[in-house]
Amino acid sequence: MFQKITIVGVGLLGGSIGLAARERKLAKEVVGVETNPHTRAEATTRRAVAKCTDTLGMGIAGADLVILACPVNAILTELARLDPSLSERAVVTDVGSVKGPIALAGQALRGMFVPGHPMAGGERGGMEFARADLFEGASWALTPDSVTRPEALEKVKSLVVGLGARVVTMSPEEHDKAVAATSHLPHLLAYALSSTVGASPKLEGPSLKEALRVANSDPELWREICLMNRKALGDALDRCIGELDGMLKALDAEDTTALEALLRKGWRG
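A short tour of the structure in this document, coming up. Think of each chain on its own: its residues are numbered from 1, step by step along the sequence as written. The predicted nature of this model means local features are confined to residues of pLDDT at least 70 and side-chain atom pairs, given and counted, to a pLDDT of 80 or more, with totals for whole chains, interfaces and linings taken over all residues. Hydrogens are left out, water is left out, and the side-chain values use all remaining heavy atoms of the structure.

1. Overview of the pairing of strand 8 (residues 139-142)
Step number 1: Each pair of strands is called paired provided DSSP finds at least two bridges between the two strands. Think of it this way: any DSSP run of H or I at least four residues long counts as a helix, any run of E at least two long counts as a strand, and we number them from the N terminus. Inspection of the sheet shows strand 7 (residues 116-118) paired to strand 8 by three bridges, in the antiparallel sense. Paired with H117 across the strands is A141, a residue of strand 8.
Step number 2: As judged from the four bridges shared by strand 8 and strand 9 (residues 166-169), these two strands associate in the parallel manner. Looking at strand 9, one finds that W140 is bridged to V167.
Step number 3: Chirality of the crossover, the property in question, places the unit of strand 8, helix 6 (residues 150-162) and strand 9 among those that are right-handed. By convention, orient the strands away from the viewer: a clockwise path from the first strand over the helix to the second makes the crossover right-handed.

As structure tokens, then:
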């Protein structure tokens, strides 16, 4: 499918892409770009990449597909550094969970950038948690805009399908509004719940464990995601606060009818 895939950032997502691409023979060569020497060593030892360098220009030279799999703020930085070393035929995509600012920055690549976001991952990051089946059956959002070339979009679609995921195409704005409610808000709520119950609650049932699972995610990573998607996330948080405030008022008033109505509103049974 590809001659050379270069993955910039070989952590959980980048490492999983490398493992799956090599296992499924999607490219003749898979190369990594990673600044952390421990991660570079682990990526090559686990054969997520054939080789791994800490030099961006060296890693992307001759690649026909470049995947930016670093944190969202780093994706913006790397997008600005790519152009001098890219081959003319190179297509670029990313896996960042916010698309608006990244899609805008990617317009400098003259239509060869296809913003993307796999709805896969976990609360534990890093190459040590990467696995080849991470994207099997997952949704993978692609958010082309008015400058995206159709041939670039088709190449990234073929990658996504080749990795076992399902393509969902939408605008960057639609994506950011959707994930604000379905991904970013749940993380904020998990952190808030964790702060509320404390580090070692005396009684901890399975519902609490499930609700707090994503509170194990890296706070620095999620700080950047939340800030980059602050408008859509703020709107989702306002709606959630409204629901919680209604529940609090119903409790204070001992209004069983209002409380049940609020519970049924969110019931999925």
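After that view of the structure, there is still more to cover.
2. Quick notes on the packing of helix 7 (residues 172-197) against helix 9 (residues 219-228)
Step number 1: Helix axes use the C-alpha atoms of the stretch in contact, all axes being lines fitted to C-alpha atoms, and the angles between their N-to-C directions lie in the range 0 to 180 degrees. Between helix 7 and helix 9, the shortest axis-to-axis distance is 11 Å and the interhelical angle comes to 130°. Accordingly, the angle class assigned to the pair helix 7 and helix 9 is oblique. Helix-helix and strand crossings are classified by hand; for helix 7 and helix 9 the assignment is left-handed. Side by side, helix 7 and helix 9 meet where S183, H184, H187, L188 and Y191 of the first sit next to P219, W222, I225 and C226 of the second.
Step number 2: Three categories are distinguished: nonpolar for Ala, Val, Leu, Ile, Met, Phe, Trp, Tyr, Cys and Pro, charged for Asp, Glu, Lys and Arg, and polar for the others, with Gly belonging to the last. In the contact of helix 7 with helix 9, the residues fall into six nonpolar, three polar and no charged. Reported orientations rely on four angle classes, namely roughly parallel under 35 degrees, roughly antiparallel over 145, roughly perpendicular from 65 to 115, and oblique for the rest. Crossings are assigned a handedness: left-handed for a near helix turned anticlockwise from the far helix by less than a right angle, right-handed for a clockwise turn. Contact between two residues is taken to exist if any of their heavy atoms lie within 4.5 Å; hydrogens are not considered.

3. Observations regarding the side chain of T143
Step number 1: Note on placement: T143 falls in the loop between strand 8 and helix 6.
Step number 2: For the exposure calls, accessible area comes from a 1.4 Å probe over protein chains only, and a residue counts as buried if that area is under 20% of its type's maximum, exposed if over 50%, partly exposed in between. Judged by its relative accessible area of 0%, T143 is buried.

4. Brief notes about the layout of surface pockets
Step number 1: Only protein atoms enter the 1 Å grid used here. Points where a 1.4 Å probe fits but cannot escape make up a cavity, open sets with protein on both sides within 12 Å along at least five of seven lines make up a pocket, and a residue lines them when an atom lies within 4 Å of a point. Grid points are joined across faces, edges and corners, and a volume is the space filled by probe spheres set on the points. In this structure, the second largest pocket occupies an estimated 220 Å³ of space.
Step number 2: In this structure, the second largest pocket is lined by E243, M247, L262, K265, G266 and R268.
Step number 3: Only helix 10 (230-252) and helix 11 (256-266) provide two or more residues apiece to the lining of the second largest pocket.
Step number 4: Looking at the lining of the second largest pocket, the element that brings in the most residues is helix 11, giving three residues.
Step number 5: Of the residues contributing to the lining of the second largest pocket, the split by class is two nonpolar, one polar and three charged.

5. Section: the sheet that holds strand 9
Step number 1: Strand order in the open sheet made by the three strands is 7-8-9, with mixed pairing throughout. In this open sheet, the two strands that pair with only one neighbour each are strand 7 and strand 9. This sheet shows a mean twist of 25° between the axes of neighbouring strands, independent of strand direction.

6. Structural notes on empty space enclosed by the protein
Step number 1: Under the counting rule described, the total for this entry stands at one cavity of 30 Å³ or more.
Step number 2: Counted as a void, the largest cavity has a volume near 30 Å³.
Step number 3: What lines the largest cavity is A103, G106, Q107, F113, P115, D145, V147 and T148.
Step number 4: For the lining of the largest cavity, the per-class residue count stands at four nonpolar, three polar and one charged.

7. Comments concerning helix 2 (residues 37-45)
Step number 1: For helix 2, every residue scored as buried is listed here: T39, R40, E42 and A43.
Step number 2: Packed against the buried residues of helix 2 are strand 3 (51-53).
Step number 3: A side-chain oxygen of the first residue of helix 2 lies 2.9 Å from the backbone nitrogen of H38; this N-cap is N36.
Step number 4: Once helix 2 finishes, R47 follows within two positions and takes phi at roughly 65°, a positive value. For the purposes of these results, a polar contact is taken to be a pair of N or O atoms within 3.5 Å, where, inside protein, one atom must be able to donate a hydrogen and its partner to accept one; residues adjacent in sequence count only when each atom of the pair is a side-chain atom.

8. Focus: the pairing of strand 2 (residues 27-33)
Step number 1: For strand 2, the tally of buried residues reaches five of seven residues, placing the bulk of the element in the interior.
Step number 2: Direction of pairing for strand 1 (residues 2-8) relative to strand 2: parallel, over a ladder of six bridges. The partner of T6 across the bridge, within strand 2, is V31.
Step number 3: Following the backbone out of strand 1, through helix 1 (residues 12-23) and into the adjacent parallel strand 2, one traces a crossover that is right-handed.
Step number 4: Relative to strand 3, strand 2 runs parallel, the two sharing three bridges. Considered in strand 3, the bridge of V31 is made with K51.
Step number 5: With helix 2 bridging strand 2 and its parallel neighbour strand 3, the resulting β-α-β unit is right-handed.

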